[in-house]
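So the chains spell out like this:
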Amino acid sequence: MSNVNRIQPNMREMLIEQSLACGFDAIGFASVPQDIDFALFDSIQPFRSAIVGLFRPHLPAQDNQGMVGSTDEAYGQISVMACERDYHRYVRERLERFSNFLQDTWPQCVCGIYTDSPYFNDKTFAVMAGLGHIGANSLLIHPTLGSRVFIGYIGTTIDPHYWGIEAPLAKP
């Protein structure tokens with residue numbers, strides 16, 4: 001067991017409130033597996049923990065003819081996920097807000113922001129953070145948000161014990 005102080009319950013509540021204020025719909029904490037070396041890619045220090053966020057897409061407004069989401073055969077069907085502006089920017093903006101909060105609160109913390117990362121599977125990090133499970137459709141399924149979510153995460157140099165994670169988790 002590490003001698004690092006654990007996050008206090010009121011601090012966890014503050015992090016959840018702040019994540020909601022930044023546009024998150026769900027938040028979880030995970031230990032970065034030891035075989036993932038983010039330091040090789042874009043950080044001076046290796047990341048030890050990750051804060052994973054889930055973000056619901058905003059449903060587009062329909063025009064006066066019901067074009068978006070219409071069941072009219074002439075227009076076809078468009079996935080609501082395809083109607084969102086580029087979700088990488090959408091999610092990144094929210095992650096940057098939360099990352100700024102983390103760095104203001106813990107100045108020694110180094111953060112990296114990731115969406116659709118080539119370094120690690122976003123769905124796997126979400127499962128490791130306790131945000132759901134992988135369904136038969138190979139999508140992350142959150143208990144209340146379902147599978148229509150975008151995933152992003154912040155790699156941090158904060159010790160995973162601080163978030164209450166006892167040991168690095170194995171990849172599911």
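Everything numeric here is computed off the predicted structure, so don't read it as measured data.

Asker: What should I look at first to understand the sheet that holds strand E2 (residues 49–55) in this one?
Answerer: Strands belonging to one sheet form pairs held by backbone hydrogen bonds; the direction of such a pair is parallel or antiparallel. The antiparallel open sheet is built from four strands, whose spatial order is E1-E2-E6-E3. With partners counted over all chains shown, the strands left at the sheet margins are strand E1 (26–31) and strand E3 (111–114), one partner each. In this sheet, adjacent strand axes meet at a mean angle of 20° when their direction is disregarded. Looking at chain direction, E3 and strand E6 (residues 150–156) are connected through four bridges and run antiparallel. Residue pairing in the sheet places cysteine 111 in a bridge with threonine 156 of E6. Together, E1, E2, E3 and E6 form the strand contacts of helix H3 (residues 87–105), whose direction differs from that of E6 by roughly 30°.

Asker: Teacher, can you tell me more about the pairing of E2 here?
Answerer: For a regular strand, the rule is simple: side chains alternate between the two faces of the sheet. The buried fraction of E2 is high, at seven of seven residues. Residue alternation in E2 divides its side chains into two sets, Ser49, Ile51, Gly53 and Phe55 and Ala50, Val52 and Leu54, and both sets are buried. With six bridges connecting them, E1 and E2 associate as antiparallel partners. Across the sheet, glycine 28 pairs through a bridge with valine 52, a residue of E2. When E2 meets E6, the two strands line up antiparallel, connected through seven bridges. Looking at the pairing, phenylalanine 55 lines up with phenylalanine 150 of E6.

Asker: Hey, could you run me through the confidence of the model for the protein in this one?
Answerer: Close reading of the predicted structure is inappropriate where its pLDDT is low. This prediction gives the protein a mean pLDDT of 77; 66% of its residues lie at or above 70. Across residues 62–67 the pLDDT falls below 50, and counting only partners more than four positions away or on other chains, this stretch makes four contacts in the model. Ignoring residues within four places in sequence, the model shows residues 167–172, a span with pLDDT below 50, making 16 contacts including any to other chains.

Asker: I would appreciate a short explanation of H3 in the present structure.
Answerer: Quick reminder: α-helices carry 3.6 residues per turn. Residues three or four places apart thus point the same way. End to end, H3 covers 27 Å across 19 residues, agreeing with the expected 27 Å (1.5 Å per residue, within 8%). Inspection of H3 places Tyr90, Val91, Arg94, Leu95, Phe98, Ser99, Phe101 and Leu102 among the buried residues, and these make up the whole buried set. Taken around the axis of H3, the buried residues stretch over an arc of 160°, which confines them to a single face. In H3, the exposed positions that point more than 90 degrees away from the buried face belong to Arg89 and Asp104.

Asker: Looking at this structure, I do not really get unusual backbone geometry. What am I missing?
Answerer: Leaving glycine out, the prevailing phi sign among residues is negative, and the prevailing peptide bond configuration is trans. If you check the backbone angles, serine 138 has positive phi at about 65° while not being a glycine. For serine 138, the location among the structural elements is in the loop between strand E4 (133–134) and strand E5 (140–141).

Asker: I would appreciate a short explanation of the environment of phenylalanine 125 in the present structure.
Answerer: Relative to the helices and strands, phenylalanine 125 is located in helix H4 (residues 122–128). When its relative accessible area of 0% is taken as the criterion, phenylalanine 125 is described as buried. C-alpha separation for the pair phenylalanine 125 and glycine 53, spaced 72 residues apart in sequence, amounts to 9.9 Å.

Conventions adopted
Residues numbered from 1 in each chain as written. Predicted model: local features only at pLDDT ≥ 70, side-chain atom pairs only at ≥ 80, totals over all residues. Heavy atoms only, no water. Pairing = 2+ DSSP bridges. Helix = DSSP H or I, 4+ residues; strand = E, 2+ residues; numbered from the N terminus. Axes fitted to C-alpha atoms, helices over the stretch in contact; angles between N-to-C directions. Contact = heavy atoms within 4.5 Å. Buried < 20%, exposed > 50% of the residue type's maximum accessible area, 1.4 Å probe, protein only. pLDDT = per-residue confidence, 0-100. Expected span 1.5 Å × (residues − 1). Arc of directions from axis to C-beta.

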